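The residues making up each chain are set out below.
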Amino acid sequence: MDKHDNLIGGAWVGADTYGENRNPSNWDEVIGLYAHGSSADAERAVEAARAAAPGWAAATPQARHDLLEAVGRKLAERSQEIGRLLSREEGKTLAEGIGETMRAAQVFKFFAGEALRVTGDMLASVRPDIDVEVTREPVGVVGLITPWNFPIAIPAWKTAPALAYGNCVVLKPADLTPACAHVIARLLDECGCPPGVFNLVMGRGSVVGETIVTHPGVDALSFTGSVGTGSHIAEVCGRLKRKCQLEMGGKNPMVVLNDADLDVAVSACLNGTFFSTGQRCTASSRLIVEDGIHDAFVERLVAGMRALRVGDALAPETQIGPVVDGKQLDSNLAYVDLAGKEGAEVIGGERLELATNGFFQAPALFLGTDNSMRINREEIFGPCGSIIKVGDFDEALAVANDTEFGLSAGICTTNLKSAREFKRRSQAGMVMVNLPTAGVDFHVPFGGRKSSSYGPREQGRYAAEFYTTVKTAYVFAG
Ligand code: NDP
């Protein structure tokens, strides 16, 4: 079985222990062995990044562009093979795996362009004969900690802007899904990334992650994952006066008004709630439906949900792949059980025994729920959605905003006034009209409000807010 090493200071470094990366469609299949880095490995990676930082900060925009462009091109050229690997390690369908790989390619290419477009401001001072210049500089060494649910897109959308703006990187991917991050490391290495500019340390969050978070050589931290780990990182960063960016959970509402186009609403909710097995922080988990359309909508949604084909991620007919692992499946099943105990009518949600030893679950819909139930307050992160019936637009909006989260929110309506009101009064960072709450562009900001996000937005040109620091210079020419 192939062993996959960490990339530290430009060298591929072995580890004392390796973790088995298994396929959630068939847990008997080991995809590969991936290094379990130690705390000392993480320290060496930070030191290598520090040593490389002055050189990379001084590299020309052309050099940064060329590296990112080359990686983006290779990702696109090899999207079939990498997408297949992604589906095997995470459980997304093959189409989703290839799509996510293409997204990573687009992100690298976008930031290749941004490397050439780092701008500043030149102003006249309020005092005579003085010029004021505002420029952007790299932050230095950035630690990137990523989750399992987008194993190539999230490492890409943190790594590419970090490098584009002249920072050096230490990346720790989720222990469950190290293979795609390893591919990014290999491509950066193949494309001539200077030693120490990008470092990969795979392993446990409590060991490698914690060392990166607390290491004095790290200038900024970007994290995506659970609210619990994110809150811990925010506290450490606050104590150490370190810049941080956190993307955490969601409990995203999708409002369906009486005047919605039923086809559009059902399709947006099937996609937003169940695709990618519901394992998206932007998934629609609360479907808030006006009473006049409720029965027709639920009937169509249940029929659509029951028709979804759950199966092996690589099978061409599969629409919903497995849950990522046994722990997440147990958690999902416990929420299905809780839904019944809280008084919801539960449709689907049972564990499915298929031909292979995988973590398959039927999509679940919880009917007759209200927004105070735990199933509507806590992030489930599985193929589960709740229906909350409301009397009118104002009630729908109030329920949509009544959550500790604020990542994405959607509305299905053919009424321009309602769409406009919702867009303005939603307390989410991203608003969708007649579109699923999940599914975003790569060239515009991504992120939320309240407990969903902390710090500057990711992606698009807004990424510069996190990955650069501003300097204001005053010049008196005499
Ligand atoms: P975590 O927050 O535990 O993991 C995210 C990343 O943080 C992983 O790389 C993890 O490492 C790392 N990590 C864990 N502990 C620390 C630490 N002390 N210091 C630094 N890094 C650390 O989330 P889980 O993967 O366990 O998922 C749990 C729940 O989180 C899900 O059920 C879901 O509700 C939510 N989630 C939300 C996501 C989102 O996009 N909003 C994405 C993923 C999960 P390790 O590899 O060891 O896990």
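One can find the structure itself at the top, above this paragraph.
Residues numbered from 1 in each chain as written. Predicted model: local features only at pLDDT ≥ 70, side-chain atom pairs only at ≥ 80, totals over all residues. Heavy atoms only, no water.

Peer 1: I tried to follow the overall build of the chain on my own but got confused; where do I start?
Peer 2: For the chain, the helix and strand inventory stands at 14 helices and 25 strands. By the compact-globule yardstick of 23 Å for 478 residues, the chain fits well, its C-alpha radius of gyration being 23 Å. Taken along the three principal axes of its C-alpha coordinates, the chain extends 75 × 65 × 40 Å. Here the chain holds 478 residues, and the buried ones make up 57% of them. Look at the contacts in the chain between residues 6 or more apart in sequence, and 72% of them connect residues 24 or more apart. Accessible surface for the chain amounts to roughly 18500 Å². Of this, 51% is attributable to carbon and sulfur atoms. Of the side-chain charges in the chain, 46 are positive and 58 negative, and the distance between the mean point of each set is 4 Å. (Helix = DSSP H or I, 4+ residues; strand = E, 2+ residues; numbered from the N terminus. Rg over C-alpha atoms; globule rule 2.2 N^0.38 Å. Buried < 20%, exposed > 50% of the residue type's maximum accessible area, 1.4 Å probe, protein only. Contact = heavy atoms within 4.5 Å. Areas by Shrake-Rupley, 256 points an atom, 1.4 Å probe, with all protein chains shown as cover. Lys, Arg positive; Asp, Glu negative; His and termini not counted. Charge placed at Lys NZ, Arg CZ, Asp CG, Glu CD.)

Peer 1: Got a minute to help me understand the packing of aromatic side chains in this structure?
Peer 2: The way to describe two aromatic rings as a pair is by their centre distance and the angle between their planes. Summed over all chains, the structure comprises 7 aromatic pairs. Taken together, a centroid distance of 6.4 Å and an interplanar angle of 75° make the contact between Phe111 and Tyr165 edge-to-face. Pair noted here: Phe111 is in helix α4 (residues 94-115) and Tyr165 is in the loop between α5 (153-164) and β9 (168-172), with a separation of 54 residues, a long-range link. For the pair shown, Phe111 and Tyr165 are each scored as buried. Pairing Trp157 with Phe446 gives two aromatic rings, centres 5.3 Å apart and planes at 45°, and the pair type is tilted. Here Phe446 lies in the loop between β22 (430-433) and β23 (449-450) and Trp157 lies in helix α5, a separation of 289 residues in the sequence. Exposure remark for Trp157: the relative accessible area of 8% places this residue in the buried category. (Phe/Tyr/Trp six-rings, centres within 6.5 Å; stacked < 30°, edge-to-face > 60°.)

Peer 1: Looking at this structure, I do not really get the environment of Glu378. What am I missing?
Peer 2: Mapped onto the secondary structure, Glu378 falls in the loop between β18 (364-369) and β19 (384-390). Between the C-alpha atoms of Glu378 and Leu397, which are 19 residues apart in sequence, the distance is 19 Å. Leave out the neighbours within four places in its chain, and Glu378 touches Lys251 and Tyr335. A distance of 2.7 Å separates polar atoms of two side chains, one belonging to Glu378 and the other to Arg374. (Polar contact = N/O pair within 3.5 Å; in protein donor to acceptor, adjacent residues only side chain to side chain.)

Peer 1: I would appreciate a short explanation of the pairing of strand β6 (residues 121-124) in the present structure.
Peer 2: Residues in a regular strand project their side chains so that they alternate between the two faces of the sheet. Note: β6 against strand β7 (residues 130-138), 4 bridges, orientation antiparallel. Paired with Ala124 across the bridge in β7 is Asp131. Hairpin connection, β6 to β7: the antiparallel pair is bridged by 5 residues, and Asp129 has positive phi, about 60°. (Pairing = 2+ DSSP bridges.)

Peer 1: Mind showing me how you'd approach the site of the ligand here?
Peer 2: Inspection of the region around the ligand gives 26 residues, with Asp175, Gly205, Glu210, Ser226 and Met248 positioned closest. At 2.5 Å, a backbone N or O of Asp175 approaches an oxygen atom of the ligand. Surface burial for the ligand is 82%, taken as the share of its 860 Å² of free accessible area covered by protein chains. The cavity that encloses the ligand is the largest pocket. Broken down by element, the residue count for the shell around the ligand peaks at 4 residues, all from helix α7 (residues 205-214). (Near = heavy atom within 4 Å. 1 Å grid on protein atoms, 1.4 Å probe; cavity = no way out; pocket = protein on both sides within 12 Å on 5 of 7 lines; lining within 4 Å. Sits in = over half its atoms within 2 Å of the grid points.)

Peer 1: For this particular structure, what's the right way to read the sheet that holds β18?
Peer 2: Note: strands within a sheet are paired through backbone hydrogen bonds, in either parallel or antiparallel orientation. Strands sit in the order β15-β18-β19-β14-β13-β21-β22 across an open sheet of 7 strands; the sheet is mixed. Bordering the open sheet on either side are β15 (345-348) and β22, each of which pairs with just one other strand. Taking each pair of neighbouring strands and ignoring which way they run, the sheet shows an average axis angle of 20°. As paired elements, strand β14 (residues 284-290) and β19 share 5 bridges and run parallel to each other. Within β19, the residue paired with Val289 across the bridge is Lys389. Together, β13 (252-256), β14, β15, β18 and β19 form the strand contacts of helix α10 (residues 291-307), whose direction differs from that of β14 by roughly 140°. Set on the sheet, helix α13 (residues 416-425) makes contact with β13, β21 (408-412) and β22; between it and β21 the angle comes to about 170°. (Axes fitted to C-alpha atoms, helices over the stretch in contact; angles between N-to-C directions.)

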